[in-house]
Amino acid sequence: METLKGNITSVMTEEAYEYVKITIAETGESFDCSTNESVLEGMRRLGKRGIPVGCRSGGCSVCKCQVVKGEYHQHRPMSTEYISKQELEENCVLTCCIKPKDNLEVKVIGKMHKNICEK
Amino acid sequence: MAITGVLRPGHAQIRVLDLEEGVKFYRDVLGLVDMGRDSQGRHYFKAWDERDHHSVLIRQADKAGIDLFGFKVDSEETLNKFEKDLQAYGVTTKRIPAGEMINTGERVQFTLNNGHTIELYADKKDVGNCQGYSHPKPWTPEAEHGIAPVRMDHALLAGGDLDQALDIFVNVLGFYLVEEVVAPDGMKVGIWLSCSNKVHDIAFLRHTEDAKLHHVSFYLDTWEKVLRAADIMSMNEVPVDIGPTRHGITRGATIYAWDRSGNRFETFAGGYISYPDHKTLTWPLEHLPEGLDYAQRKLHETFLTVFS
C-alpha cells in the first residue's frame, strides 16, 4: 500500500490550516475550501459545481482557471501541454494543483466550460 | 499455432510528471512488479503473471500522456514481413536497435496519422512469474500486493484519423473489429480491435486532438478483485473517474481512474471470448451511455473530454 497515513492524518498533524472562500467569477457561487487542500478538491468534496472536474492530478486541462483575486500556491506539477509558463505568470492554473492561501476568485476557462456555465 | 502474426500488447510507455511518485503509484497502488530503471531514466514494470520482462514503462516529463504502445509478434520473419507491409502501405517505419529498451529485441516503429507511436517486436526476455515452468503454484505473494492485475491488457488511444488506424490494424496487421460506436451519419466514433480471442487488444476514439491517451487497461480475474481495487484506490486517495460498473461495450466490469499524473487507467474483469469470424457488434451513438456504463446508462462527461 502506498500510504495509509497520507493526507488524512497529515491534515491533523501538519501546521494549522483555515477555511477560505473560493468564488466562481462567472456565477458568483462560492464554497469554503481548506488552505490544506486543492481548490478543485475543496469544491468537489462539498458536492459543489462550477469548475469542471477531470483527472485531479495535473494531467488534463478541464479544471483550468484564471485566479483573478487572492493568493495561492502550487503544490503539484501541472502538465505543460495545457499550462504554459506565460499562462502561469497570468495566474492561469489547473485548480487541482493549487491550494488557496486566502479568499480566491477564479474565472473558469477549462474545456467543459460551455457544458457547465452556459446552462 | 492458433494465434499468429501479432500476439498481444507488449508494452505501454507512459509519461509522468514526477517519477518517484509514479514509481510508488505503479508499484504499490496498482501493484505491478518493479523491474528497475535504465540509463535513460525509464522505470520498468510487469504485471505479476506476465512472463516477459516488462509491460509498462514510465518516464518523467513535463507533459502527461503516452509515448508509445508496443505489440509482440510471433517471430523475426513476421516482424520483417510487417515492416515491408507497412512500408508498402505508405507508412514510414524506423528500426530501434535491440537493447535500446532493456531485454527487448529490435523494434519496428511507426506513427499513425492519429499521432500515436506504435511499435512491433519479436523478442523480449522471458523472466517468468517466479513460479518456474514445472508444477507452478497458482499465484505468488505479488498477486496480493496492491491492486495486482494479472496483465496489461490493452489501451484506448484518441485522435482525429480513426479510419487510418482501423485500416492499418485490420488490413496490414491482421486485427479484426470486435465492436464499434457509430454516429447517425455512419462515421465511426470508437473502435475496439482484437488480434486474439480478447475483446480488445487496442481501441481508438475519434477526438479533436491527436496523440491523446484515454487509458491503459489492466486485467483482473474477477469482479471481486475489481471491488477490491476500488477499496485500494479509495484507501490511497486515487481519483476515480467511473465505476465500479459494467461496460455495455465489451461487457467488462470496470473502474476508470487516474494515476498521479492524470493518465487514466482501467482495472477490469470479464468481457467475452471473441473470434475473427464473429460479426462486429455496433453501438449507435445514441446508445453510447449504456455502452459506457451499463448500470447507470449514463454518458459520463469526462469520457469524451478528459485525455492526457
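Predicted, not measured: the structure shown is a model, and the values here were computed from it.

Undergrad: Go over the overall build of chain A with me, naming the residues and quoting the values.
TA: Of the regular secondary structure elements, chain A holds 4 helices and 7 strands. Helices and strands in chain A line up, N terminus first, as α-β-β-α-β-β-α-β-β-β-α. Within chain A, the fraction of its 119 residues that count as buried is 45%. Considering only residue pairs separated by 6 or more positions, chain A has 58% of its internal contacts joining residues 24 or more positions apart. Working note: accessible area of chain A is about 6300 Å², and carbon and sulfur atoms make up 47% of it.

Undergrad: Explain the interface of chain A and chain B to me, using residue names and the numbers behind them.
TA: With 27 residues of chain A in contact, the opposing surface of chain B contributes 29 residues. Inspection of the chain A/chain B interface yields 3 salt bridges. The partner of A:Glu81 in a salt bridge is B:Lys212, with the nearest N and O atoms 2.7 Å apart. Our enumeration of links across chain A and chain B arrives at 9 residue pairs in polar contact (both at pLDDT 80 or more). Of all the secondary structure elements, the ones that give two or more residues to the side of chain A that touches chain B are helix 1 (7-13) and helix 4 (113-117) of chain A.

Undergrad: Report on the domain arrangement of chain B, specifying residues and quantitative values.
TA: Residue and element names in this part refer to chain B. One can read the domain layout of chain B as domain 1 (6-134) and domain 2 (151-304). The distance between the C-alpha centroids of domain 1 and domain 2 comes to 20 Å. Interface area lost by domain 1 to domain 2 is led by Phe25, Tyr89 and Asn114, which between them contribute 20%. Scanning the region where domain 1 abuts domain 2 turns up 0 salt bridges. The element best represented in the side of domain 1 that touches domain 2 is strand 1 (residues 6-16), accounting for 10 residues. Looking at the side of domain 1 that touches domain 2 residue by residue, the class counts come to 26 nonpolar, 8 polar and 6 charged.

Undergrad: Report on the pattern of salt bridges, specifying residues and quantitative values.
TA: All names here are of chain B. Here the structure, examined in full by the defined rule, presents 30 salt bridges over all chains. The residue Arg37 makes a salt bridge to Glu20 at a minimum N-O spacing of 3.1 Å. Note that Arg37 is positioned in strand 2 (residues 33-37) and Glu20 in helix 1 (residues 19-29), a separation of 17 residues in sequence. With relative accessibility at 38%, the residue Arg37 sits in the partly exposed group. Put simply, Asp28 and Arg27 hold a salt bridge, and the shortest N to O gap is 3.0 Å. What emerges from the salt-bridge pattern is a single network uniting Asp38, Arg42, Glu100, Arg107 and Glu119.

Undergrad: Which residues make up the nonpolar core, and what are the values?
TA: Residues B:Tyr26, B:Phe169, B:Leu173 and B:Phe204 are the most contacted members of the largest nonpolar core, which totals 61 residues. Among the elements that make up this core, the one with the highest residue count is helix 3 (residues 162-172) of chain B (6 residues). When residues of this core are sorted by domain, at least three fall in each of domain 1 (6-134) and domain 2 (151-304) of chain B. Non-local contacts of B:Tyr26, meaning those with residues more than four positions away in its chain, are made with B:Ile14, B:Val16, B:Gly31, B:Leu32, B:Phe45, B:Val56, B:Ile58 and B:Asp259. Within the second largest apolar cluster, 23 residues are counted, among which are A:Ile22, A:Phe31, A:Val39 and A:Leu104.

Undergrad: Can you break down the confidence of the model for chain A residue by residue, with the values?
TA: All names here are of chain A. Taken as a whole, chain A shows an average pLDDT of 85; of its residues, 81% reach a score of 70 or greater. Considering each helix and strand of chain A separately, the mean pLDDT is smallest for helix 4, with a value of 39, and largest for strand 6 (residues 98-100), with 98. Note that residues 1-11 has pLDDT below 50 and, in this model, 20 contacts with residues that lie over four places away or in other chains.

Undergrad: I'd like a description of helix 1 of chain B, backed by residues and values.
TA: Residues and elements named next belong to chain B. When we look at burial in helix 1, the residues that qualify are Leu19, Gly22, Val23, Phe25, Tyr26, Asp28 and Val29. The N-cap of helix 1, judged by a side-chain oxygen 3.1 Å from the amide nitrogen of Glu20 a few residues on, is Asp18. Directly beyond the C-terminal end of helix 1, a positive phi value near 85° is found at Gly31.

Undergrad: Before we move on, could you go through the sheet that holds strand 3 (residues 43-46) of chain B and cite the residues and values that matter?
TA: Residues and elements named next belong to chain B. Across the sheet, which stays open at both edges, the 8 strands sit in the order 2-3-4-1-5-8-7-6 with mixed pairing between neighbours. Looking at which strands have only one partner, the edges of the open sheet turn out to be strand 2 and strand 6 (93-96). The average undirected angle you get between the axes of adjacent strands in this sheet is 25°. In this sheet, strand 3 lies alongside strand 2 in antiparallel orientation, the contact comprising 4 bridges. Counterpart to Asp34 in the pairing with strand 3 is Phe45. On top of the sheet, helix 2 (residues 76-89) reaches strand 1, strand 5 (65-73), strand 6, strand 7 (107-111) and strand 8 (117-121); it is set at about 150° to strand 6, its chief contact.

Undergrad: Please provide a residue-by-residue account of the sheet that holds strand 1 (residues 19-24) of chain A, values included.
TA: Residues and elements named next belong to chain A. Strand order in the open sheet formed by 5 strands is 2-1-7-3-5, with mixed pairing between adjacent strands. The open sheet terminates on both sides in strands that have one partner only, identified here as strand 2 (30-34) and strand 5 (92-94). Geometrically, the sheet is characterised by an average inter-axis angle of 40° between neighbouring strands, direction not taken into account.

Undergrad: Tell me about the environment of B:Val6, residues and numbers included.
TA: Residues and elements named next belong to chain B. By the secondary structure assignment, Val6 is in strand 1. Of the residues examined, Val6 reaches a relative accessible area of 2% and is grouped as buried. For the pair Val6 and Leu193, spaced 187 residues apart in sequence, the C-alpha separation works out to 12 Å. Excluding anything up to four places from it in sequence, Val6 contacts Phe71, Lys72, Val73, Phe82, Leu173, Phe175 and Cys195.

The rules behind the values
- Residues numbered from 1 in each chain as written.
- Chains lettered and ligands numbered in written order.
- Predicted model: local features only at pLDDT ≥ 70, side-chain atom pairs only at ≥ 80, totals over all residues.
- Heavy atoms only, no water.
- Helix = DSSP H or I, 4+ residues; strand = E, 2+ residues; numbered from the N terminus.
- Buried < 20%, exposed > 50% of the residue type's maximum accessible area, 1.4 Å probe, protein only.
- Contact = heavy atoms within 4.5 Å.
- Areas by Shrake-Rupley, 256 points an atom, 1.4 Å probe, with all protein chains shown as cover.
- Salt bridge = Lys/Arg side-chain N within 4 Å of Asp/Glu carboxyl O.
- Polar contact = N/O pair within 3.5 Å; in protein donor to acceptor, adjacent residues only side chain to side chain.
- Domains from an automatic or database assignment.
- Buried area = accessible area lost by both parts, 1.4 Å probe.
- Nonpolar A, V, L, I, M, F, W, Y, C, P; charged D, E, K, R; others polar.
- Core = buried A, V, L, I, M, F, W, Y, C linked by side-chain atoms within 4.5 Å.
- pLDDT = per-residue confidence, 0-100.
- Pairing = 2+ DSSP bridges.
- Axes fitted to C-alpha atoms, helices over the stretch in contact; angles between N-to-C directions.

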